[in-house]
Amino acid sequence: MSGAALGLEIVFVFFLALFLLHRYGDFKKQHRLVIVGTLLAWYLCFLIVFILPLDVSTTIYNRCKHAAANSSPTESSNITGLYAAATPVPSPHPCFKPWSYIPDGIMPIFWRVVYWTSQFLTWILLPFMQSYARSGGFSITGKIKTALIENAIYYGTYLLIFGAFLIYVAVNPHLHLEWNQLQTIGIAAANTWGLFLLVLLLGYGLVEIPRSYWNGAKRGYLLMKTYFKAAKLMTEKADAEETLEDVMEEVRKVNESIKYNHPLRKCVDTILKKCPLEYQEKMGRNMDDYEDFDEKHNTYPSEKSLVKLHKQVIYSVQRHRRTQVQWQILLEQAFYLEDVAKNETSATCQFVHTFQSPEPENRFIQYFYNPTVEWYWECLLRPWFYRVLAVVLSIFSVIVVWSECTFFSTTPVLSLFAVFIQLAEKTYNYIYIEIACFLSIFFLSICVYSTVFRIRVFNYYYLASHHQTDAYSLLFSGMLFCRLTPPLCLNFLGLTHMDSSISHQNTQPTAYTSIMGSMKVLSFIADGFYIYYPMLVVILCIATYFSLGTRCLNLLGFQQFMGDNDMTSDLVDEGKELIRREKRKRQRQEEGENRRREWKERYGHSREDSTRNRNVHIDPKESNFSDISTNRSSKYTRANNRTERDRIELLQDAEPLDFNAETFTDDPLESESGRYQPGGRYLSMSRSRIFDDV
């Protein structure tokens, strides 16, 4: 049974990591090595979180077994021995094996493999793959060279930090350098960096997650925030289109200057394959392959400039595609929230959608989640459920903050996590121990990992759902997870007093703590930084509660959603008008499709019959008419064919016109913001004229 529990968790965590990666990554377009590296990093980090409660229950059983072996009936009043200082008086409960017991020798090997693999990924492999994926080289050798150059400073910084710890140990006369101590120094350096970032992310997540669910119960709040996002996303979308047009203009110039027999033509073809299809077709039509590159004395771009251009093309195309998809998703979200606001006052208790979902729903979902059930859930139950969940999460956050500030106190025990685990340890209730440990570390992981998924570093790091995350951001998230998970687990073991360096008790450590080594080699870290730095989470929680970071970003020019700000109100109004405009456009499209469908059903068969009869009754001898008879016949038949011609025009698949636009064109490619003119120029959209038609 013990091996089955470990195997089930290993399989479950793998599919969980695969599901999340499928949501954010794109298995079809992204490189396989990027997918494998990110999946392995996410999988190892999630595995540590899920397996650690089993390690805790196994360690408690081993302590009980060791105490029973060292105790005798005559020594029950005065227990002595190696673990007597922290072993409680034997209780009448027997030391039975937990259902998830893992035999001795398995967990240390398992943790050693998982930990060092994750460290190899985060410090060596993933940074190299990150530079390799973002490189614009045209060959594997060129990409590897670029990645090595970019990571030279990166690796040098970490070697400098490790060297500082190494010098400290070498200068200290009470310490002697050994391999285990060098290993401990490396682990301490990595955990120190991870703990520094962990507290920052944890302080934000402890407040923001409960507050997000509390605000989720406010319909007006979510709708206003969606309008705000729409205004910002439209600006970003226009900027992405303008950037793509500028890059495509550079590609067009390079494509016209470098002909088919130029040595760098293969590089240009590689760049063209990364461009959108409509730009590829335009550039293909304008090529003059009969001209040789040496017939004109022109200045040709170098291979280095083509590498830079290739990198710009990859970035601009990915950003343009991401903003387009995000805009459609945001529109669906805004339309749905507006439908919820309208249906709240419905007397029929039936949820009515303004637009039908483009994807067909499952029959099973349609049967159980019918319009009545949807109305009760969205309009009545969901707000109250979110409020209750926000209160529960707030209680968990308070417990975490209190325990972070008091976990160093062992007499008396003030950490609530340690109190719960010790109460369960006295009765050897392993089910309760594993559930309490899992809920505790799962909540800490959600607070940290959700912040990693939410944060955005300009346009360099951004995890976008619906398969819109680029390779650089996926690899960067894997690096963050591998660096944050080990200090997160050590912090959890310290909160529960399962770490002997925190509890200062001579007890049997967990298998996870044993591979970390003794932190006594670096006492100023074990007794100082690891204990007092987590108290900073209180200040970070207060700053997050009062939105100090949001206000600072707003002052610096980065517009953030704030209810008491004039700029926020202007952006909300702007986004509301944009959503209203898109709704009118979609309604006109649906009305046009309905009219075309009705005309086809009404006149489609009669048109086919009339065409068939006209083809049957044509006489070959009547084809040789004079010009006068032809003009006379066309004169009298023009009026009769007008109705038929009107029917044909109505049956044409033409998109409805947007009468708010300034110009009209028949070419759908020229109707976009970036129009390609015969002269070879792209018309860029000016930022000051983005919302002139609103």
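Residues numbered from 1 in each chain as written. Predicted model: local features only at pLDDT ≥ 70, side-chain atom pairs only at ≥ 80, totals over all residues. Heavy atoms only, no water.

Another point: the overall build of the protein chain. Check the secondary structure of the protein chain and you find 22 helices and 4 strands. Taking all 694 residues of the protein chain together, 40% fall into the buried category. (Helix = DSSP H or I, 4+ residues; strand = E, 2+ residues; numbered from the N terminus. Buried < 20%, exposed > 50% of the residue type's maximum accessible area, 1.4 Å probe, protein only.)

With that out of the way, let us pick up the packing of aromatic side chains. Aromatic ring pairs are described here by two measures, namely the spacing of the ring centres and the angle between the planes. Tallied over the full model, the rule gives 29 aromatic pairs. Ring plane angle 85° and centroid distance 5.7 Å describe the contact between F14 and Y43, whose orientation is recorded as edge-to-face. Of this pair, F14 sits in helix α1 (residues 2-24) while Y43 sits in helix α2 (residues 32-70), placing them 29 residues apart in sequence. Judged by its relative accessible area of 32%, F14 is partly exposed. Relative to F546, the ring of Y545 lies with its centre 5.1 Å away and its plane at 90°, an arrangement referred to as edge-to-face. A relative accessible area of 54% means that Y545 is categorised as exposed. Joined through ring pairs, the aromatic side chains of Y24, W42, F46, Y449, F453 and F481 make up one cluster. A cation sits over an aromatic face here: K143 above Y132, 5.5 Å from the ring centre. The ring of Y462 is capped by R456, whose NZ or CZ atom sits 4.3 Å from the centre of that ring. (Phe/Tyr/Trp six-rings, centres within 6.5 Å; stacked < 30°, edge-to-face > 60°. Lys NZ or Arg CZ within 6 Å of the ring centre and 35° of its normal.)

What tends to happen in soluble globular proteins is that the nonpolar side chains get buried as a cluster. Counting residues in each nonpolar core, the largest one holds 94 residues, and the members touching the most others are W42, W111, L206 and Y512. A total of 20 residues in this core trace back to one element, the largest contributor, which is α2. Not counting the four nearest positions on each side in its chain, W42 is found in contact with A17, L20, L21, F453, L474, S477, G478 and F481. Core analysis: the second largest hydrophobic core is formed by 19 residues, L233, M234, L331 and I579 among them. (Core = buried A, V, L, I, M, F, W, Y, C linked by side-chain atoms within 4.5 Å. Contact = heavy atoms within 4.5 Å.)

Another aspect to go through is the pattern of salt bridges. Here the structure, examined in full by the defined rule, presents 12 salt bridges. With its nearest N and O atoms 3.0 Å apart, the salt bridge here joins E378 to R382. Taken together, the positions of E378 and R382, both in helix α11 (residues 371-406) and 4 residues apart, correspond to about one turn of that helix. The residue E577 makes a salt bridge to R580 at a minimum N-O spacing of 3.6 Å. Of this pair, E577 and R580 are both found in helix α20 (residues 566-616), 3 residues apart, which corresponds to roughly one turn of the helix. Exposure remark for E577: the relative accessible area of 24% places this residue in the partly exposed category. According to the relative accessible area criterion, R580 is partly exposed, its value standing at 40%. One network of salt bridges, with partners in common, ties together E236, R322 and R456. (Salt bridge = Lys/Arg side-chain N within 4 Å of Asp/Glu carboxyl O.)

Quick look at the packing of α2 against helix α13 (residues 430-454) now. Across the interface, α2 lies against α13 with an axial gap of 9 Å and an inter-helix angle of 155°. Accordingly, the angle class assigned to the pair α2 and α13 is roughly antiparallel. The chirality of how α2 crosses α13 is right-handed. Note on element contacts: α13 touches α2 through Y430, I433, E434, C437, F438, I441, S445, Y449 and F453, opposite W42, C45, F46, V49, F50, L52, P53, L54, V56, S57, I60 and Y61. Each residue belonging to the contact of α2 with α13 can be placed in one class, and the counts come to 18 nonpolar, 2 polar and 1 charged. (Axes fitted to C-alpha atoms, helices over the stretch in contact; angles between N-to-C directions. Parallel < 35°, antiparallel > 145°, perpendicular 65-115°, else oblique. Left-handed = near helix turned anticlockwise from the far one by under 90°. Nonpolar A, V, L, I, M, F, W, Y, C, P; charged D, E, K, R; others polar.)

Here the focus is the packing of helix α12 (residues 416-427) against α13. Geometrically, a packed helix pair is captured by the angle between its two axes and the distance between the axes. Taken N-terminus to C-terminus, the directions of α12 and α13 make an angle of 165°; their axes are 9 Å apart at the nearest point. When the axis of α12 is compared with that of α13, the two are roughly antiparallel. The handedness of the crossing between α12 and α13 is left-handed. For the pair formed by α12 and α13, the contact residues are F417, F420, I421, A424 and E425 on the first element and Y432, I433, A436, C437 and S440 on the second. A breakdown of the residues in the contact of α12 with α13 according to their chemical character gives 8 nonpolar, 1 polar and 1 charged.

This part covers the UniProt feature "coiled-coil region" (unreviewed entry) in the protein chain. UniProt tags residues 230-257 as "coiled-coil region" (unreviewed entry). Secondary structure across residues 230-257 comprises 100% helix and 0% strand; the distance between its end C-alpha atoms is 40 Å. (UniProt positions renumbered as here; feature names shortened; annotations may be inferred.)

Relative to the elements of secondary structure, Q183 occurs in helix α5 (residues 179-216). Separated by 332 residues in sequence, Q183 and I515 have C-alpha atoms that sit 9.7 Å apart. Dropping the residues within four chain positions of it, Q183 is found in contact with W116 and I515.

A surface patch of nonpolar side chains, about 650 Å² in accessible area, is lined by F364, I365, Y367, F368, Y369 and V373. For the nonpolar patch, the element with the highest residue contribution is helix α10 (residues 363-368), accounting for 4 residues. By the element assignment, Y369 lies in the loop between α10 and α11. With relative accessibility at 32%, the residue Y369 sits in the partly exposed group. (Patch = residues over 30% accessible without salt bridge, like charges linked within 9 Å, V, L, I, M, F, W, Y side chains within 5 Å. Areas by Shrake-Rupley, 256 points an atom, 1.4 Å probe, with all protein chains shown as cover.)

Before going further, it helps to examine the confidence of the model for the protein chain. In this model, the protein chain carries a mean pLDDT of 79, and residues with pLDDT of at least 70 account for 76%. Every residue in residues 73-92 scores below 50 in pLDDT, and together they form 17 contacts with partners more than four places removed in sequence or on other chains. Note that residues 620-643 has pLDDT below 50 and, in this model, 1 contact with residues that lie over four places away or in other chains. (pLDDT = per-residue confidence, 0-100.)

Time to look at unusual backbone geometry. Look at the link from T411 to P412: it is a cis peptide, with omega at 0°. Inspection of the secondary structure assignment puts P412 in the loop between α11 and α12. The phi dihedral of C349 falls on the positive side, at around 55°, and the residue is not glycine. Position of C349 relative to the elements: it lies in the loop between α9 (303-343) and α10. Even without a glycine there, the phi angle at S547 is positive, about 55°. Here S547 lies in the loop between α18 (537-545) and α19 (548-555).

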